[in-house]
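Chains, contacts and geometry: an overview
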Amino acid sequence: MNFFNFSINKILRRELSILDQARIRLLYYGLLLATIGLGALFLSVYLQDLHVMTITCTTVLVAVLALFKYLTYKPHWHTISHLLLIIGTIVNLATVFAILQDVNIITIQIIILVIVFSFYMLGQNWGMFYSLLNLLPVLIFMVMQYDHNYFIEFKPEKADQSTTIIAVFANFILIIFIHSHFYSAFLKSIKQLKDNGEEQTALNIKFERAIEKAEKSSQVQSEFLSTMSHEIRTPLNAVIGMSNLLLMNNPRQDQSENLEILKFSANNLLAIVNDVLDFNKIESGKVVFEKIKFNLVDLMQNICGGQIIKAEEKGLLFKLDIDSTLRRKVIFGDPTRLTQIIFNLVSNAIKFTSQGSVWVRVTCLEDRHNNITVGFSVKDTGIGIKKENLETIFEPFTQESITTTRQYGGTGLGLAIVKRLLELQSIQMYVSSNVGEGSEFSFNMEFPVSTEVIAQPKERLAMPQQQRNHNEEQQPVIAEIEDPGSSLRVLIAEDNPVNVMLMKKLFSKWKIVPTIAENGERAVEIVQYGNFDIILMDLQMPVMNGFDASMEIRKMTDPAKSNIPIIALTASALFDIRDQVTNAGMNDYVAKPFKPDELMEKIQNLIATV
């Protein structure tokens, strides 16, 4: 602030509250009024030749002018208020005890002025302090004067009536000005609070509408994903299912190669769809982590068992190194999500490595008997990642470069899913990489340990290559089940003719002839007049959907019909599909495209419990 500034506009800042701005204005105009009043008093007492009063007025006038200049240079209203109250208190007490040696209307005005000014400017605590500092000594003086106990060797000065009139008038002007100014400020502040309240209410209404709109948008997005999932998965189900059926019919070598390509392409498309749906589910916060018992060694061998074949097809050395202390431990956690994490990391390592090796290490870092900390590491000798790209590779739909995407393919969602799954468990991913030398992804995860001790796990990865290839690659997807129950009475509610044909062919392999219902309403009618051991219910059908049909079946009075196990067949991507299926009275669900042996296992388990 310029020292020669005298304008109030330059010391009022917009960020100040209404009351603080009012305090600065009060000081600015109040000091000007006080200067005028003190000037008039100075002339009055000077002309009456009252030396002490003249010196007092001069001193106070100089102090007021100095404070006015300080205010326009640095508007520290809090400090200036204290200095003014200290000056006022000294003048008041000096007037009562020495100059006038009396309490008159001017004294009362000064006390009122101090009380009002201190409370408005400095708040309750300082207001009380300065009020008592001025009031109590005056009361003590009045008591002493009443008992005639007060006497000093100083002759009091006596001013004429004109001086009293000037002082009374000036004090009343200041008191009225303070009250008027703060009354206006309080009204303005209340109006601002009211306006802010109305604005806040309007914002709350807008916010509620925005939340409602976002919820509707989220619901629409979920429904869209469900619909698109159904539309994409349904033909994929037919393609993959028919490929499996054709591969079981001992095709010629050239036909087998074509079918394998067809099946591989369909599975790749399905993997992309699953990645997108999984990422959307994770981003929406709908992921719930399970706490179930599993053996980490078995899980890692299952994950890497299929990956080692891909690595060897590329001529890569694949090594799985598991800490021996983990072999006989049963831990609690979410094996599905852990599989997703490890599978994505290992798949990436194989995809971006053209020669060399892929090394997966699982190490027990800390064993506290009831808890263990396990370190996971996936290291490769692939293309590596530039340091400036180490953060961006975890962004969704992002790979290191366009060239990488074109050369290696993929959606760029794998690492994004891995990172989000780890972050949801408050786990940090560590990456070290050198371009042309390879990369290493690692993280540490803590697991509760079960008291259960298991037998030594099988060394799947130690199997000879030929035997492993036979067991894991050449084994058909649809296992030939000798007689899972040729007498099973199965009702299939499905509207898609391709899926109906697929299901018929599939069940014919198990020597089962299913009954087909083209929609939910027809399924309810067939159940009313027939007896079945199991119902496979598609969820999205015309006339009546699978949810409504299941609820109608559960309402039937005959327990033999209302208690028939129902398995939902769904290609839906809705996050709460399991809850919807359960609420509709269905026993379980299988996602399309499904694994035939998984479907048969669920059928047999449900029939066994009836």
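Residues numbered from 1 in each chain as written. Predicted model: local features only at pLDDT ≥ 70, side-chain atom pairs only at ≥ 80, totals over all residues. Heavy atoms only, no water.

So, about the packing of helix α13 (residues 497–509) against helix α18 (residues 596–609). Relative to each other, α13 and α18 sit at 70°, their axes nearing to 12 Å. Considering their axes alone, α13 and α18 lie roughly perpendicular with respect to each other. Taken together, the residues of α18 that come into contact with α13 (itself represented by Met 503, Leu 506 and Phe 507) are Pro 596, Leu 599 and Ile 603. Counted by class, the contact of α13 with α18 contains six nonpolar, no polar and no charged residues. (Axes fitted to C-alpha atoms, helices over the stretch in contact; angles between N-to-C directions. Helix = DSSP H or I, 4+ residues; strand = E, 2+ residues; numbered from the N terminus. Parallel < 35°, antiparallel > 145°, perpendicular 65-115°, else oblique. Contact = heavy atoms within 4.5 Å. Nonpolar A, V, L, I, M, F, W, Y, C, P; charged D, E, K, R; others polar.)

A word on the packing of helix α8 (residues 296–313) against helix α9 (residues 335–351). Contact pair α8 / α9: the axes reach a minimum separation of 10 Å and the direction vectors enclose 25°. What the angle tells us is that α8 and α9 run roughly parallel. Seen from above, α8 lies across α9 with right-handed handedness. Of the residues in α9, those in contact with Leu 296, Leu 299, Met 300, Ile 303, Gln 307, Lys 310 and Ala 311 of α8 are Pro 335, Leu 338, Thr 339, Ile 342, Phe 343, Val 346, Ser 347 and Ile 350. By residue class, the composition of the contact of α8 with α9 is 11 nonpolar, three polar and one charged. (Left-handed = near helix turned anticlockwise from the far one by under 90°.)

The next subject is the pattern of salt bridges. Applying the stated criterion across every chain yields a total of 15 salt bridges. Residue Arg 489 is joined to Asp 533 by a salt bridge in which the shortest nitrogen-to-oxygen separation is 3.0 Å. Here Asp 533 lies in the loop between α14 (520–529) and β10 (534–538) and Arg 489 lies in the loop between α12 (465–472) and β8 (490–493), a separation of 44 residues in the sequence. Of the residues examined, Arg 489 reaches a relative accessible area of 41% and is grouped as partly exposed. For Asp 533, a relative accessible area of 22% corresponds to the partly exposed category. Put simply, Glu 366, Arg 368 and Glu 446 are held in one network by salt bridges that share partners. (Salt bridge = Lys/Arg side-chain N within 4 Å of Asp/Glu carboxyl O. Buried < 20%, exposed > 50% of the residue type's maximum accessible area, 1.4 Å probe, protein only.)

With that out of the way, let us pick up the side chain of Lys 602. Positionally, Lys 602 belongs in helix α18. A relative accessible area of 19% places Lys 602 in the buried class. Once residues lying within four places of it in the same chain are set aside, the contact partners of Lys 602 are Ile 567, Asp 588, Tyr 589 and Val 590.

Hydrogen bonds between backbone atoms are what pair the strands of a sheet, whose relative direction is either parallel or antiparallel. Overall, parallel pairing links the five strands, which are arranged β9-β8-β10-β11-β12 in an open sheet. Two strands bound the open sheet, and with one partner strand each, they are β9 (515–517) and β12 (588–591). For this sheet, the mean inter-axis angle between neighbouring strands, taken without regard to orientation, is 20°. As defined by bridge partners, β10 adjoins strand β11 (residues 566–570) across four bridges and the pair is classed as parallel. Bridging across to β11, Asp 538 finds its partner in Leu 569. Along the sheet face, α13 touches β8, β9, β10 and β11 and points at about 160° away from the line of β8. Lying over the sheet, helix α15 (residues 546–554) contacts β10 and β11, oriented at roughly 150° with respect to β10. (Pairing = 2+ DSSP bridges.)

Another aspect to go through is the packing of aromatic side chains. Enumeration according to the criterion identifies 16 aromatic pairs in this entry. On the basis of an interplanar angle of 85° and a centroid distance of 6.3 Å, the ring pair of Phe 294 and Phe 447 is categorised as edge-to-face. In this pair, Phe 294 sits in strand β1 (residues 292–294) while Phe 447 sits in strand β7 (residues 438–453), placing the two residues 153 residues apart along the sequence. Over the face of the ring belonging to Trp 359 we find Arg 361, whose NZ or CZ atom lies 4.5 Å from the ring centre. Just above the ring of Tyr 589 sits the side chain of Lys 602; from NZ or CZ to the centre is 5.9 Å. (Phe/Tyr/Trp six-rings, centres within 6.5 Å; stacked < 30°, edge-to-face > 60°. Lys NZ or Arg CZ within 6 Å of the ring centre and 35° of its normal.)

Moving on, we come to helix α2 (residues 51–73). Taking 1.5 Å per residue, 23 residues should reach 33 Å; α2 reaches 33 Å between its end C-alpha atoms and fits that length. Along α2, the positions that sit buried rather than exposed are Met 53, Thr 54, Cys 57, Val 60, Leu 61, Val 64, Leu 67, Phe 68, Lys 69, Leu 71 and Thr 72. The elements touched by buried residues of α2 are α1 (18–47) and α3 (77–99). (Expected span 1.5 Å × (residues − 1).)

Let us look at unusual backbone geometry. Here the phi dihedral of His 148 falls at roughly 60°; this positive angle occurs in a residue that is not glycine. Topologically, His 148 is positioned in the loop between α5 (124–146) and α6 (161–247). One non-glycine residue with positive phi stands out, namely Ser 426, at about 60°. By the element assignment, Ser 426 lies in the loop between α11 (414–423) and β6 (430–434).

Predicted confidence across the protein gives a mean pLDDT of 82, with 86% of residues reaching 70 or more. The least confident element of the protein, judged by mean pLDDT, is α12 at 40; the most confident is strand β5 (residues 371–380) at 94. Within the model, the stretch residues 399–409 combines pLDDT values under 50 with 19 contacts to residues more than four positions away or in other chains. (pLDDT = per-residue confidence, 0-100.)

Time to look at the nonpolar core. In this structure, Leu 296, Met 300, Phe 318, Leu 338, Phe 376 and Phe 443 are the most contacted members of the largest nonpolar core, which totals 49 residues. Among the secondary structure elements, those contributing two or more residues to this core are α8, β2 (317–322), α9, β4 (357–367), β5, α11 and β7. The greatest single-element share of this core, amounting to nine residues, is contributed by α8. Among residues more than four places away in sequence, those in contact with Phe 443 are Leu 338, Ile 341, Ile 342, Leu 345, Val 374, Gly 375, Phe 376, Leu 422, Ile 427, Gln 428, Met 429 and Tyr 430. Counting 45 residues, the second largest nonpolar core, distinct from the first, contains Ile 8, Leu 31, Leu 50 and Leu 84. (Core = buried A, V, L, I, M, F, W, Y, C linked by side-chain atoms within 4.5 Å.)

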